[in-house]
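Observations on the model geometry
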Amino acid sequence: MKVLGIETSCDDTGIAIYDEGEGIIANSLYSQTAMHNKYGGIVPELASRDHIRKLLPLMEQALKEAKCKLSDIHAIAYTRGPGLMGALMVGAAFAKGLGYANQLPCIGVHHMEAHLLAPLLEKPAPEFPFIALLVSGGHTLLVLVKQFGDYQILGESVDDAAGEAFDKVAKLLGLPYPGGPAIEKLAEGGDVSRFKFPRPMTDRSGLDFSFSGLKTSVLNIYEKFKNEENCKANIAAGFQIAVIETLLIKCERALKEVGIKSLVVAGGVSANQYLRKRFQKLDESVFYPRYEYCTDNAAMVAYAGFLRIKSGYVDKDFAIQVRARWELAETH
Ligand code: KG4
Ligand code: ZN
């Protein structure tokens with residue numbers, strides 16, 4: 001079975017093909033970053049319009065890469081939500097149009113479930129049950145994954161997501177979007193001990209996160225020390241380690257509380273090399289997606305769609321339905 005995956009939830013247009021025997025056989029991606037950068041953040045209407053322009057050429061590219069034709073495809077998976085409404089609509093309409101014209105089943109996929117499952121494409125793959133830390137631009141979630149489709153939220157951010165905190169702090173320091181990679185790079189030349197930022201909500205019990213206060217601390221420090229040599233790099237290093245240690249403390253807590261031996265870390269922030277290094281100190285095994293499957297991509301959507309169709313799920317009709325907001329625990 002071959003599943004074509006479509007990702008358009010935010011500012012990346014992706015088309016990938018998953019083959020049951022061979023795994024991912026095509027993965028095309030177009031990032032709109034350069035276009036949005038001019039505006040200092042994502043402009044939803046521009047994102048939707050650009051997805052329209054890119055989907056068809058990306059699909060042709062993916063089919064070519066996989067050396068197959070549309071008639072070799074058995075099902076179409078697309079991101080139904082959560083994400084930007086217009087952007088999701090473009091992907092869903094494309095999927096349903098393809099499905100209707102070729103009489104193929106369509107599978108609406110939850111974007112965060114796709115992130116969560118991405119490490120299963122690697123070898124060795126994590127085995128159920130595991131704890132998942134999902135850290136993207138829109139979400140920070142700690143999830144108990146008992147098996148495929150059984151997701152219990154243990155903790156989440158009460159305000160900004162971890163990736164969002166990177167993006168906002170980057171903006172404050174005059175760095176481009178997305179902020180994560182820019183901060184990671186700047187932090188390389190910084191002294192992590194120069195500024196000590198808080199590790200929010202780690203001094204009390206529970207598994208929720210809060211990252212919006214960190215932004216204010218950064219702003220205050222920056223205003224006070226901006227003329228000091230290497231100030232920005234020192235802030236980047238101190239801020240980055242504060243986020244990473246906060247995530248680490250909560251993961252340690254979740255693993256101990258639930259008594260589970262493996263952790264999956266996925267979503268855009270899991271691309272961070274400092275995070276991966278720091279998480280080595282855990283006794284439990286930690287699983288990540290490969291670098292290109294950390295940030296948004298269609299490979300994870302194709303794979304999640306494949307697992308869903310195997311479990312008996314397909315959309316009941318060709319109606320175009322998306323969900324800008326959608327709880328992970330309600331997915332199945
Ligand atoms: O998963 P993703 O591509 O999109 C969403 O679903 O939101 O995550 C994007 C987020 C952005 O906030 C970006 O700044 C962050 O992931 N990110 C990183 C890194 N690469 C991307 N954060 C920290 N370090 C990175 N290397
Ligand atoms: Zn994402």
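In short, a report on the structure. As the structure is a prediction and not an experimental result, all values here were calculated from the model.

**Some points on the coordination of the zinc ion (ligand 2)**
Reference geometry at the metal: tetrahedral coordination by four donors gives ideal angles of 109.5 degrees; octahedral coordination by six donors gives 90 or 180 degrees. Note on the zinc ion (ligand 2): its protein donors are His111 (NE2), His115 (NE2) and Asp296 (OD). The metal-donor distances range over 2.0 to 2.1 Å. The sequence motif formed by the donor residues of the zinc ion (ligand 2) is H-x3-H-x180-D. Residue His111 and its partner His115 are both found in helix H4 (residues 111-117); the two are separated by 4 residues, about one turn of the helix.

**Re the environment of Val90**
Mapped onto the secondary structure, Val90 falls in helix H3 (residues 85-102). Taking relative accessible area as the criterion, Val90 reaches 13% and is therefore assigned buried. If sequence neighbours within four positions are ignored, Val90 has contacts with Ser48, His51, Ile52 and Leu55.

**A short note on the sheet that holds strand E2 (residues 12-19)**
Pairing within the open sheet is mixed, and its 5 strands lie in the order E3-E2-E1-E4-E5. Only two strands of the sheet have a single neighbouring strand rather than two, namely strand E3 (23-31) and strand E5 (106-110). Neighbour to neighbour, the strand axes of the sheet diverge by 20° on average, direction disregarded. Bridging between strand E4 (residues 75-81) and E5 involves 5 bridges; their strand directions are parallel. Looking at the pairing, Ile76 lines up with Cys106 of E5.

**Here's the deal with the packing of aromatic side chains**
As enumerated under the stated definition, the model contains 7 aromatic pairs in all. The interplanar angle of 20° and the centroid separation of 5.3 Å between the aromatic rings of Phe128 and Phe130 together place this pair among those described as stacked. A residue is classified by how much of its surface remains accessible, and Phe130, at 0% relative accessible area, is buried. Measuring from centroid to centroid gives 5.2 Å for Phe166 and Phe239, while their planes differ by 75°, and the two rings are edge-to-face.

**A word on the site of ligand 1**
In the vicinity of ligand 1 there are 21 residues, among which Gly137, Asp167, Gly180, Glu184 and Asp296 approach most closely. Interatomic distance of 2.9 Å between a backbone N/O atom of Gly180 and an oxygen atom of ligand 1. Relative to its unbound accessible surface of 550 Å², ligand 1 loses 92% to contact with the protein. Of all elements in the fold, only H4, helix H5 (162-172) and helix H6 (179-187) reach the threshold of two or more residues within the shell around ligand 1. By residue class, the composition of the shell around ligand 1 is 6 nonpolar, 11 polar and 4 charged.

**Side note on helix H2 (residues 44-65)**
If you check H2, its first and last C-alpha atoms are 30 Å apart, about what 22 residues at 1.5 Å a residue would give, namely 32 Å. The sharpest bend along H2 comes to roughly 35°, located at Lys54, with the proline Pro57 sitting one to four residues further on. For H2, the set of buried residues is Ala47, Ser48, Asp50, His51, Lys54, Leu55, Leu58, Met59, Ala62 and Leu63. Where H2 is buried, its residues touch strand E1 (2-7), E2, E3, helix H1 (33-37) and H3. Following H2 by one or two positions, Lys67 adopts a phi angle in the positive range, close to 50°.

Cut-offs and rules
Residues numbered from 1 in each chain as written. Chains lettered and ligands numbered in written order. Predicted model: local features only at pLDDT ≥ 70, side-chain atom pairs only at ≥ 80, totals over all residues. Heavy atoms only, no water. Donors = N, O, S within 2.8 Å, 3.2 Å for Na, K, Ca; no water. Helix = DSSP H or I, 4+ residues; strand = E, 2+ residues; numbered from the N terminus. Buried < 20%, exposed > 50% of the residue type's maximum accessible area, 1.4 Å probe, protein only. Contact = heavy atoms within 4.5 Å. Pairing = 2+ DSSP bridges. Axes fitted to C-alpha atoms, helices over the stretch in contact; angles between N-to-C directions. Phe/Tyr/Trp six-rings, centres within 6.5 Å; stacked < 30°, edge-to-face > 60°. Near = heavy atom within 4 Å. Polar contact = N/O pair within 3.5 Å; in protein donor to acceptor, adjacent residues only side chain to side chain. Areas by Shrake-Rupley, 256 points an atom, 1.4 Å probe, with all protein chains shown as cover. Nonpolar A, V, L, I, M, F, W, Y, C, P; charged D, E, K, R; others polar. Expected span 1.5 Å × (residues − 1). Bend = angle between axes of the 7 residues up to and from the residue.

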